[in-house]
Amino acid sequence: MDFTLTEDQAAIQAAARAFAGAELAPHSARWDEDREFPVKTLRAAAALGFAGLYVREDVGGSGLGRLDAALVFEELSRGDVSVAAYISIHNMVSWMIDRFGDDAQRHRWLPRLATMEMLSSYCLTEPGAGSDAASLSTRAVRDGDDYVLTGAKAFISGAGTSDLYLVMARTGEGGARGVSAFVVEAGTPGLSFGAQERKMGWNAQPTAMVHFDGVRVPATHRIGAEGEGFRFAMAGLDGGRINIAACSLGGAGFALDTARAHLAARRQFGRPLADFQALQFRLADMATELEAARLMVRRAAHALDAGDPDATLYCAMAKRFATDGGFEVANQALQLHGGYGYLRDYPLERIVRDLRVHQILEGTNEIMRVIISRELLGR
């Protein structure tokens with residue numbers, strides 16, 4: 001068991017760190033304040049290979065592994081959690097097309113997804129189907145050589161801006177086995193979007209409902225066979241959970257470093273805050289929790305790369321532990337700043353707002369506990 005990064009992994013990590021420091025961090029507060037989606041910056045990230053991290057190289061991907069991706073997302077999130085999280089979602093969509101699409105589909109969409117010429121959205125959640133995702137009601141009815149989609153999706157990152165929507169829709173019986181996956185391109189008649197959601201965090205990416213009102217797509221836009229869509233969606237989420245956990249590590253790591261610098265510089269009662277043992281212990285616990293979460297994330301990434309039959313279990317554990325722990329570390333960092341932490345002039349309140357949703361999306365942390373307990377009890 002070797003915890004040392006390879007030379008290539010260290011180089012990938014350094015490239016992501018440099019990009020985050022130069023292209024994300026200086027603009028993060030403004031993007032959050034103005035609710036700006038920095039598409040030009042996303043495409044600059046794609047130029048470094050970050051938009052198709054584990055997509056095969058013949059269609060423009062980087063051909064890397066899940067551990068490599070976790071390193072990238074942790075570093076990007078030190079610059080901007082919201083932007084890094086959108087890049088994670090885009091990678092999930094690209095991987096699903098690469099893994100489950102046919103050769104024509106791969107060559108049609110992936111070269112443009114890899115450069116982020118096309119931006120993408122993952123469309124599973126519905127107004128009435130959140131944690132119970134298999135109960136989704138968006139329908140896709142076969143009509144000759146086409147399918148006609150009717151329904152709505154909720155909380156969709158990139159909605160209204162993305163060029164490609166990977167949509168899970170019902171083609172058959174109730175439950176998971178009746179769900180299929182379709183690519184819907186922007187501009188297709190009948191595709192429309194709700195108003196942009198007013199969110200607590202993640203303001204540097206758009207979020208809205210997606211409506212399908214008789215949207216006609218060719219059967220050649222169906223990914224895989226009928227009834228396979230839910231399995232594809234869950235496979236995508238295994239990797240998505242590692243990525244969002246890594247994003248929590250990055251945001252929390254930035255918060256920890258900020259708190260450490262504050263304790264060294266801030267003086268009260270005639271002494272630096274760093275001299276007070278209670279605060280020393282709190283910082284020690286924060287660092288320990290973060291390192292434990294990092295080990296769990298990398299263990300899950302290794303399991304997914306290796307095709308470990310317990311990979312889904314490890315991904316759920318890592319997501320639950322890292323997103324809960326990451327939020328708590330950021331919240332404690334804010335507390336250590338006192339009133340200053342609550343001000344928008346300081347980055348801590350933005351980190352706390354951005355990390356909070358990680359405990360909800362890619363499967364709530366309550367659903368992560370359901371997955372873990374089912375695996376443990378064989379149910």
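No experiment lies behind these values; they were computed from the predicted model shown.

Quick word on the overall build of the chain
Inference 1: Per the secondary structure count, the chain includes eleven helices and ten strands.
Inference 2: Relative to its length of 379 residues, the chain is compact, with a C-alpha radius of gyration of 21 Å against a globular reference of 21 Å.
Inference 3: In terms of its C-alpha atoms, the chain occupies a principal-axis envelope of roughly 80 × 45 × 40 Å.
Inference 4: The 379 residues of the chain split such that 53% are buried.
Inference 5: Pairs at least 24 residues apart make up 73% of the contacts formed inside the chain by residues separated by at least 6 positions.
Inference 6: When the accessible surface of the chain is split by element, carbon and sulfur atoms take 52% of a total near 16,200 Å².
Inference 7: For the chain, the distance from the average site of its 40 positive side-chain charges to the average site of its 47 negative ones is 4 Å.

Some words on the side chain of D98
Inference 1: Topologically, D98 is positioned in helix α5 (residues 81-100).
Inference 2: Apart from the residues within four sequence positions on either side, D98 is in contact with Y54, V55, R56, V59, R106 and L110.

So, the packing of aromatic side chains
Inference 1: Throughout the structure, instances matching the rule amount to eight aromatic pairs.
Inference 2: Centre to centre, the rings of F100 and F232 are 4.0 Å apart; their planes meet at 15 degrees, and the pair counts as stacked. Here F100 is found in helix α5, whereas its partner F232 is found in helix α7 (residues 229-265), with 132 residues between them in sequence.
Inference 3: With relative accessibility at 13%, the residue F100 sits in the buried group.
Inference 4: Relative accessible area serves as the criterion here: at 3%, F232 is assigned to the buried category.
Inference 5: Taking 5.5 Å as the distance between ring centres and 35 degrees as the angle between the ring planes, the aromatic pair formed by Y165 and F193 counts as tilted.

So, the nonpolar core
Inference 1: Residues L76, Y122 and V297 are the most contacted members of the largest nonpolar core, which totals 94 residues.
Inference 2: Among all residues touching L76, those that are not within four sequence positions of it are A16, F19, A20, L24, F50, A84 and I87.
Inference 3: Residues L149, L191, A208 and F212 belong to the second largest nonpolar core, which totals 18 residues.

Focus: the environment of D143
Inference 1: Locating D143 in the fold gives a position in strand β2 (residues 139-143).
Inference 2: Along the backbone, D143 and R216 are 73 residues apart, and their C-alpha atoms lie at a distance of 8.9 Å.
Inference 3: The residues contacting D143, other than those within four sequence positions of it, are V148 and R216.

Here we look at the pairing of strand β5 (residues 179-185)
Inference 1: Counting buried positions along β5 gives six out of seven residues, so the element sits mostly inside the fold.
Inference 2: Bridging between strand β4 (residues 164-170) and β5 involves seven bridges; their strand directions are antiparallel. Counterpart to L164 in the pairing with β5 is E185.

Concerning helix α3 (residues 39-47)
Inference 1: Turning to α3, its buried residues number three or more, namely T41, L42, A45 and A46. Buried residues along α3 cover an arc of 150 degrees about the axis, so they all sit on one side. Opposite the packed face of α3, turned more than 90 degrees from it, sit the exposed residues K40 and A47.
Inference 2: On its buried face, α3 is in contact with α1 (7-24), α2 (28-34), α5 and α6 (103-114).
Inference 3: G49 sits one or two residues past α3 and shows a positive phi near 95 degrees.

Some details on unusual backbone geometry
Inference 1: If you check the backbone angles, F155 has positive phi at about 60 degrees while not being a glycine.
Inference 2: The residue F155 is located in strand β3 (residues 146-157) in this model.
Inference 3: Note on F155: relative accessible area 61%, which makes it exposed.

Let's talk about the packing of α5 against α6
Inference 1: Packing of α5 against α6 brings their axes to within 9 Å, and their N-to-C directions diverge by 160 degrees. Classified by the interaxial angle, the pair formed by α5 and α6 is roughly antiparallel. As for how α5 packs across α6, the hand of that crossing is left-handed. Note on element contacts: α6 touches α5 through Q105, R106, W109, L110 and L113, opposite H90, S94, I97 and D98.
Inference 2: Of the residues contributing to the contact of α5 with α6, the split by class is four nonpolar, three polar and two charged.

What about the pattern of salt bridges?
Inference 1: Under the criterion given, the structure shown has 24 salt bridges.
Inference 2: In this structure, D257 and R260 form a salt bridge, with 3.1 Å as the shortest nitrogen-oxygen distance. Here D257 pairs with R260, and both are found in helix α7, just three residues apart, close to one helical turn.
Inference 3: For D257, a relative accessible area of 29% translates into the label partly exposed.
Inference 4: Residues participating in the shared-partner salt-bridge network are D32, E33, R344, E349 and R353.

Each value, and the rule that gives it
Residues numbered from 1 in each chain as written. Predicted model: local features only at pLDDT ≥ 70, side-chain atom pairs only at ≥ 80, totals over all residues. Heavy atoms only, no water. Helix = DSSP H or I, 4+ residues; strand = E, 2+ residues; numbered from the N terminus. Rg over C-alpha atoms; globule rule 2.2 N^0.38 Å. Buried < 20%, exposed > 50% of the residue type's maximum accessible area, 1.4 Å probe, protein only. Contact = heavy atoms within 4.5 Å. Areas by Shrake-Rupley, 256 points an atom, 1.4 Å probe, with all protein chains shown as cover. Lys, Arg positive; Asp, Glu negative; His and termini not counted. Charge placed at Lys NZ, Arg CZ, Asp CG, Glu CD. Phe/Tyr/Trp six-rings, centres within 6.5 Å; stacked < 30°, edge-to-face > 60°. Core = buried A, V, L, I, M, F, W, Y, C linked by side-chain atoms within 4.5 Å. Pairing = 2+ DSSP bridges. Arc of directions from axis to C-beta. Axes fitted to C-alpha atoms, helices over the stretch in contact; angles between N-to-C directions. Parallel < 35°, antiparallel > 145°, perpendicular 65-115°, else oblique. Left-handed = near helix turned anticlockwise from the far one by under 90°. Nonpolar A, V, L, I, M, F, W, Y, C, P; charged D, E, K, R; others polar. Salt bridge = Lys/Arg side-chain N within 4 Å of Asp/Glu carboxyl O.

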